[in-house]
Every structure is written in structure tokens, then in C-alpha cells.
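These are the residues of each chain, in order.
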Amino acid sequence: MGNRDLSLCHPQHRILFEPVQIGPVVAPNRFYQVPHASGMTEANPRVRASFRGMKAEGGWGVVSTGAVSIHPSSDDSPLPYARLWNDADIASHALTTEAVHRHGSLAAVELWHGGAVVMNRTSRLPPLSPSGVPWAATHVGFMGQQRPKPMDSRDIDAVLNWQRAATRRALDAGFDIIYVYAGMGYLGYEFLLPEYNWRTDGYGGSLENRTRFVREMLEVTRDEAGGRAAVALRISLEELRAKASDHYESEAHGVVSLLSQVPDLWDVKMDSSPNDCGASRFRPEGAHEPIIDFVRTVTDRPVVGVGRFTSPDTMVSQIKRGVLDLIGGARASIADPFLPDKVRRGESDAIRECIGCNICIASWHDGVPVRCTQNATAGEEWRRDWHPEQFRQTDKPEHLLVVGGGPAGLEAALVAARQGFQVTLAEQRSDWGGRVLDESALPGLGVWRRVRDYRVWALSQLGNVAMYTDSPMDAESIADLAPDHIALATGAQWTRHLYSALEIPDQPLDGPKVFTPEDVFANRISGERILVFDYDNYYLGGVIAEHLGRRGCNVVYATPAGHASAWTFMTNELPYVYKALGEQQVEILTTTNLNGFDGEQATLSNLFNGQTLERPVDAIVLVGLRLPNTSLYQALLQSRAGGHKGLQGTGINLVGDALAPGAIAHAVHSGHGFARGLLEGDAGLYRRDEPITLEDPQPVVILNPATGS
Ligand code: ADP
Ligand code: SF4
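Residues numbered from 1 in each chain as written. Chains lettered and ligands numbered in written order. Predicted model: local features only at pLDDT ≥ 70, side-chain atom pairs only at ≥ 80, totals over all residues. Heavy atoms only, no water.

A.B. asks: Tell me about the sheet that holds strand β24 (residues 587-589), and please be specific about residues and values.
C.D. replies: Read from one edge to the other, the open sheet built from five strands follows the order β21-β28-β22-β23-β24, with strand pairing classed as parallel. The sheet is open, and its two borders are formed by β21 (514-515) and β24, each paired with just one other strand. Each of β22 (529-534), β23 (554-558) and β28 (619-623) is contacted by helix α20 (residues 539-550), which is oriented at about 170° to β22, the strand it contacts most. (Pairing = 2+ DSSP bridges. Helix = DSSP H or I, 4+ residues; strand = E, 2+ residues; numbered from the N terminus. Contact = heavy atoms within 4.5 Å. Axes fitted to C-alpha atoms, helices over the stretch in contact; angles between N-to-C directions.)

A.B. asks: Any chance you could break down the side chain of Ser440 for me, citing the residues and the numbers?
C.D. replies: With respect to the helices and strands, Ser440 occurs in the loop between α16 (435-439) and α17 (450-460). The contact partners of Ser440, leaving out residues within four places of it in the chain, are Leu445, Gly446, Trp448 and Arg449.

A.B. asks: Describe in detail the pattern of salt bridges, supporting the description with residues and values.
C.D. replies: Note on pairing: side chains with opposite charge can pair once their charged atoms come close. Taken as a whole, this structure holds 51 salt bridges when the rule is applied. Across the salt bridge formed by Lys149 and Asp152, the nearest N and O atoms sit 3.9 Å from each other. With relative accessibility at 37%, the residue Asp152 sits in the partly exposed group. Several salt bridges converge on common partners, so that one network encompasses Asp87, Arg168, Arg169 and Asp172. (Salt bridge = Lys/Arg side-chain N within 4 Å of Asp/Glu carboxyl O. Buried < 20%, exposed > 50% of the residue type's maximum accessible area, 1.4 Å probe, protein only.)

A.B. asks: Can you explain the site of ligand 2? Please cite residues and give values.
C.D. replies: With respect to spatial proximity, 14 residues lie near ligand 2, and among them Cys354, Cys357, Asn358, Cys360 and Cys372 are the closest. Ranked by residues supplied to the shell around ligand 2, first place goes to helix α12 (residues 331-335) with three residues. (Near = heavy atom within 4 Å.)

A.B. asks: Describe the packing of aromatic side chains, naming the residues involved and giving the relevant values.
C.D. replies: What the rule picks out here adds up to 15 aromatic pairs. Through successive ring pairs, a cluster of aromatic residues spans Tyr81, Trp85, Trp112, Tyr181 and Tyr186. The residue whose ring lies beneath Arg83 is Trp85, and the NZ or CZ to ring-centre distance is 5.5 Å. The ring of Trp382 is capped by Arg687, whose NZ or CZ atom sits 5.4 Å from the centre of that ring. (Phe/Tyr/Trp six-rings, centres within 6.5 Å; stacked < 30°, edge-to-face > 60°. Lys NZ or Arg CZ within 6 Å of the ring centre and 35° of its normal.)

A.B. asks: So what's going on with the packing of helix α2 (residues 90-101) against helix α3 (residues 153-173)? Which residues, and what values?
C.D. replies: Where α2 contacts α3, the two axes come as close as 8 Å, and the packing angle between them is 50°. As summarised for this structure, α2 and α3 are arranged oblique, according to the angle between their axes. Where α2 crosses over α3, the two elements pack in a sense that is right-handed. Listed contacts from α3 to Ile90, His93, Ala94 and Thr97 of α2 are Arg168, Arg169, Asp172 and Ala173. (Parallel < 35°, antiparallel > 145°, perpendicular 65-115°, else oblique. Left-handed = near helix turned anticlockwise from the far one by under 90°.)

A.B. asks: Hey, could you go over the site of ligand 1 for me, with residue numbers and the actual values?
C.D. replies: Neighbouring residues of ligand 1: 22 residues in total, closest Ala408, Glu427, Arg435, Met473 and Asp657. Here an oxygen atom of ligand 1 and a backbone polar atom of Ala408 are 2.9 Å apart. One of the backbone nitrogen or oxygen atoms of Met473 is found 3.0 Å away from a nitrogen atom of ligand 1. Contact with the protein chains covers 90% of the free accessible surface of ligand 1, which is 590 Å². Here the shell around ligand 1 is composed, by residue class, of nine nonpolar, nine polar and four charged. (Polar contact = N/O pair within 3.5 Å; in protein donor to acceptor, adjacent residues only side chain to side chain. Areas by Shrake-Rupley, 256 points an atom, 1.4 Å probe, with all protein chains shown as cover. Nonpolar A, V, L, I, M, F, W, Y, C, P; charged D, E, K, R; others polar.)

A.B. asks: An account of helix α22 (residues 631-641) is needed here, citing residue identities and associated values.
C.D. replies: For α22, the full list of buried residues reads Leu632, Leu636 and Ser639. End-on view of α22: buried residues confined to an arc of 60°, all on one side of the axis. The exposed residues of α22 that point more than 90 degrees off its buried face are Ser631, Gln638 and Ala641. Lining the buried residues of α22 we find β14 (399-403), α18 (475-481), β17 (485-488) and β30 (651-654). Where α22 terminates, the next one or two residues include Gly643, which has phi positive at roughly 90°. (Arc of directions from axis to C-beta.)

A.B. asks: Give a description of the pairing of β14 that names residues and reports values.
C.D. replies: With five of its five residues buried, β14 lies for the most part within the structure. A two-sided burial pattern is seen for β14, the buried positions comprising His399, Leu401 and Val403 on one face and Leu400 and Val402 on the other. Bridge analysis of β14 against strand β15 (residues 422-426) gives five bridges, and the strand direction is parallel. Each residue of the ladder has a partner; that of Leu401, found in β15, is Thr424.

A.B. asks: Quick rundown of the environment of Val159? Include the residues and the values.
C.D. replies: In this fold, Val159 is placed in helix α3. The exposure class of Val159 is buried, given its relative accessible area of 0%. When the C-alpha atoms of Val159 and Val436 are compared, they prove to be 48 Å apart, with 277 residues separating the residues in sequence.

A.B. asks: Mind laying out the side chain of Arg210, listing which residues take part and the relevant values?
C.D. replies: In this fold, Arg210 is placed in helix α5 (residues 207-225). Arg210 sits in the buried class, given a relative accessible area of 5%. Among the polar contacts listed, one links the side chain of Arg210 to the backbone oxygen of Leu192, at a separation of 2.8 Å. Aside from chain neighbours lying at most four places away, what touches Arg210 is Phe191, Leu192, Leu193, Pro194, Asn197, Tyr203, Gly204, Gly205 and Glu251.

A.B. asks: Account for the sheet that holds strand β26 (residues 601-606), with residues named and values stated.
C.D. replies: Across the sheet, three strands lie side by side as β25-β26-β27; this open sheet has antiparallel pairing. The open sheet is flanked by β25 (592-597) and β27 (612-616), the only strands paired with a single partner. Averaged over neighbouring strand pairs, the angle between their axes works out to 30° when direction is ignored. Here β26 runs beside β27; their pairing, made up of five bridges, is antiparallel.

Set out below in C-alpha cells:
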């Protein structure tokens, strides 16, 4: 643990730096990066090791992997997952444990068997389950068209052996804490829940019987670990807590009581991803507490839990009120790997707080390494050599002018200033934040203001930045400043284009009653009955429909996509979007295109069968195509080409939405990358990771090729 000096730490927060005994190992403090998906697999072991190692460097006392499959019958493809299938997989994990141990932290491995959740699309083995009950069977994202095999006693023995073998490999790789996973629908969870466990043998029926499989998994893990590593149980308690029990307050109380002394650590969580990793739009900080608050009263083993905690005061309260012993962080640790170190140094203001947008989890759903809105360096630690807190210094402190104070401009200015450039930041509006300023005023998005607040605060701490609001810049005023570099972070604008039946942008829809999101932000929408037409299909169309509904409008939301705000499936928001729109009585039309609007009647048609329908509305808000604001860029290029003195030799660059409109995460990453690129040597660095392979790879042992077990 790099530095343990607590002299600057706020006295109230020192409790967070107490060591915690976890079975045979000691966590150096209470900051525990719980297992979370990173999209990093054996294909990119160095990216993964640097990503996890950075959190240890930032002070997280325990750093965990994401799910690590114990056998090819736990194959989540195309979603990314790690493996410990045979000895060939040990070396790549050893890179991670070395990176974590280098900073004195403990490394934990989340061994995992996916049971009926996985579809084994690559291994083509039958998924295993207690009783052949499929999981989320009508959920397109999980449909694999294969039902799971009910496990016989041979299968159960096989899984126990795989857990044992994976434990041995985990020890060889250097892990200090080894998990058994009984959460989120995976195999252990399916044994616990009567909906999935219909067995009539010793593994089904009574609560004692249903916990037997998890108990045995813990026992083989402990036996194999032999005191060299702690054994953790990760368990989802939401559904169990909702179940009445004859002998306990609930089945959750029962399971924890029955297994109370079996694991060295309880890692407790919710059941479904939208609840467990809830977006801030719908779930507040600490939302797990009502479900997991009892665990510490039933076991004397340490308990770790999460809740998108970013405030040290909230963390201290969790400890002092006896809810948790260790403060779990997944998103908090992605957004700021140095959160613990900042608390230790008494610099809580400097924490780059997670905004709960769930772009990180969307990366996993996309099958790619993690991306973060707040932390552009997440996943880039090794690949691009981006450290979240350290910046190479320029030996030529040239003048950078950044035009536009949205997420891209703020990030570009901050990173350039931290590298020692002389920075001027000009914004035409009277406040900072660009689109974040507007969007964070909409329902549920208030926490997103942190994108702006963190950067404005951080810039205010630096002496080499001049910041001007109410400062619209044109080519002439920019040339007068004669900067060495120009970053145009001038954003993008929403257009009124309709889309064709092939979903290609077509002609604009003109008329006084046709609006865009900018009109919503400026409060220019009039009328009672509003159609929100969404070609964008991320959050904004749905949020605007909710916002107008809350204002008392009668709202129809329509989209060519199959769901309202369809892409919010990726960010765990989709079920809650429907709830929010339902509460505002918004009519939802999907697979629907917009053909026209005569000022009174909107004409729509079904995307597939062409059937038309009409809705009488007073106005339409189109959430559609966004085009970059590049007029200033063009004017500057012209001035420079025309020989304007102030622009000779000046680099003129577009960043953020002005370069390519996207999510806020894209804008921040673009601003960051631009500023790093100002330093020679950093520009263009893009390392390619490769698997660590044995010269002669050994086969994974599958006892029965037909069943995998
Ligand atoms: P991004 O997401 O790329 O940061 P935003 O749209 O959030 O883009 O922010 C762009 C910002 O640039 C807005 O705050 C806008 O007011 C500002 N801006 C655009 N053109 C100019 C200009 N000519 N002078 C100063 N500020 C500008
Ligand atoms: Fe938090 Fe969003 Fe970053 Fe995820 S992507 S860690 S939710 S800020």
C-alpha cells in the first residue's frame, strides 16, 4: 500500500484506513474494489494488469478480477470473461496479481460458473443447471436457443473438482482471496432459489438442502487453499430476502445464518444487473442497504457491499452504523482509481466522482474493454500509457486556446494545463458545462453535473489557466490571441432530419412546431400534446418525454427501434425507463417511423408493414441526427490559408462533439487524447496487447465430451 501516512487525513475518515483481517490475510484498509466486469480477458493481459494495478496504486486495499470461468461449460461468449481453465491461463493472471501486490494490496479472484445463464456459444457444451430451468428465457440478449441440462451427481462432483482445480491455479497465480460465486443468476444462485432448484435429492427442497452446493463449493475452495488464501462468498440477497421462511426472518437471513462461519468474507449484492449496478438516473447512492443491512448481524465474518459510494462521509457512516466492514467500489474505482489516496491525503474535493451513467457496464455488454465517462484513462493505462493522476511535463509551455467549455473543452484544458501548457478557455455561455449543463437539468440526470463540477474545480486549482465565460469567439478574436494551439470544442447541434424506412437520415421536417432538444433546454416548447420522436435511441428522447410528461403535457413517444430508449438496455436503464414513462402515462410506439406533420396531425407508419397511424399533436420534438459545429473551424482554416498573421504555424483542431458527435464519454476521451497528443511522443502511442501463450498449449480436460462433466 504505497503510502499509509494519515497525518493529512480528516480525523473522521481515518476509520477507513484501518486494516481488516479476512481469514488468513489482512486487507491494509477498508477500500475494497469488488469484482466487476472490465471486458478484459486472456486476450489482453497487460491492459488488464495495468487497469487493476492502477487501483492498487490509488490505494484500494483489495483489488479483484471480474468473473473468471472455471471450465469451458461456463462460457459467456460473446460477452467477455476471463478463465482459469488450465495451467496455461495462470501466467496472464500472475501479471495482475504482481501489479496489485506491487502496491501492497491484496488480489482477489472471482471464480465463476455461470450455470444456466451462459449459453456456451463457443464451447458448445450443454449449460449446467440444478433442474433444467432456463434463465431469462425470453430476454433477447440472453437467448441462446439451448436449454440447460439438469445436473446429476456426477456433474455436481465435476463442478466441485473444477472449482478445486481453479483454486489451485489461482494460488499459483498469486491470488490472496478466492471467491465462490452465488449471485446474479449464476450456478450457485440457481441452487439457492426454489424457482431454479426443483430437485428432490439432498441438493433441493429445504433451505438447508438448497445451500448444500454452495457450502460444498466453499469447502473445496477452503480445503485447496489450505490457509494460503481467504475464501469469499459473493451472494445476491434480493430475491431470498423477499421469501418468507419458517425459521428465519427471510430466506436470506436463513442462508447467511446457515453459512455464517463458512466463508472468510461475505460479498453481498443485488440479483439483477439493473438493480445491482443501477444507473444514478433511477437509483441513489447506497441503494443496496435495505436488502443487505442484516448480514452483519448474522455473521461475525467481515462484510463487503457496494452502493456507488463516492462520499467518504457515507462510507464512514456505513462502517459506523454496522452495515459494512469493507467499502466495496466498482464504478467508484473506475471513475477514480485514486479515491482512497485522495481521502487519505485529506483531499476529498479532488475525487472524480462516478456519475452513475453506466457507460462502463455498456462496454461489457458491447464486448469491449471498459470505458468511463469521468475517467478517460480507464483501460488506457497500458495501451496509451495514460496515468489518471500523472502527466508528463512539456519543456515548451506553449499557449493553448480552447474554445467551448463543455466536457471536451474542459477535459482538454485540464489535461493540457496539468502538462504545463499555458491555457486559455473561452465559453460563449455564462456558465460552464455545455451539454452537461443542459442535460443535467432533466429528470434524474442531476448527478451528471459532476462531469462539469469536477473539471471546473480542478481547473480553478491551477495557476496556468485563464477561464472566460460570456466569451463568444470568432476567427478574428482567436487570431488576435495568436495562440500556438487551438482546440475547438464547439459541440454539435441536433437537426430536424427525418429518417427513411431504411433508417437513413433524409429531408428535414420544417415548420414552426417542430422542435429539437435545444428547444427543450431553452424552454421553447409550447402545446399540450407533444410527440417526442426518437431516432437517437439512447437516453435523451426518453428523458425528454418524461420531462414533458412531468410538466403536464400529454406525451406520445415513438421510435423506429424495438424499445423506447433501446440502447439503455446496455446501461441497465431500460426497465426503469419504461417505469418512468409509465408513471407519466406516455404512450409508447415502437417500430414506427415518422412520415410527416401538418401542424396538427402527425403521420406515422409501422416500420415493417407500412400500416399508417395518426396522432393529433401540437408539436413534435425530434431527437435525431446530430451534426458537428464546424463553422468556426472552417473560418479559421480559411484565415490561416489567407495568411492571417496570428494563425501562422498554429495547430487548429476539432475535439469532442465538434469532431464526431457522441456520448459524453466520447467527448471527454477526445479532449483528453487531444491534450496528451500535444506532447511529442504521446501522440499516436497505441500499444497492441497479445495473449500470453505456452509454446505447446495443453488441452483443457473435459471428462465427458458430450456433457462436459
Ligand atoms: P462537447 O460535448 O464536445 O464538449 P458541448 O456541446 O457540450 O460539446 O459543448 C460545446 C460548448 O462550446 C458549448 O458550451 C458552447 O456554448 C461552446 N461554444 C460553441 N461555439 C463557441 C464559440 N464560438 N465561442 C465560445 N464558445 C463556444
Ligand atoms: Fe461511473 Fe459512468 Fe464511469 Fe461507469 S462510466 S464508472 S457509471 S462515470
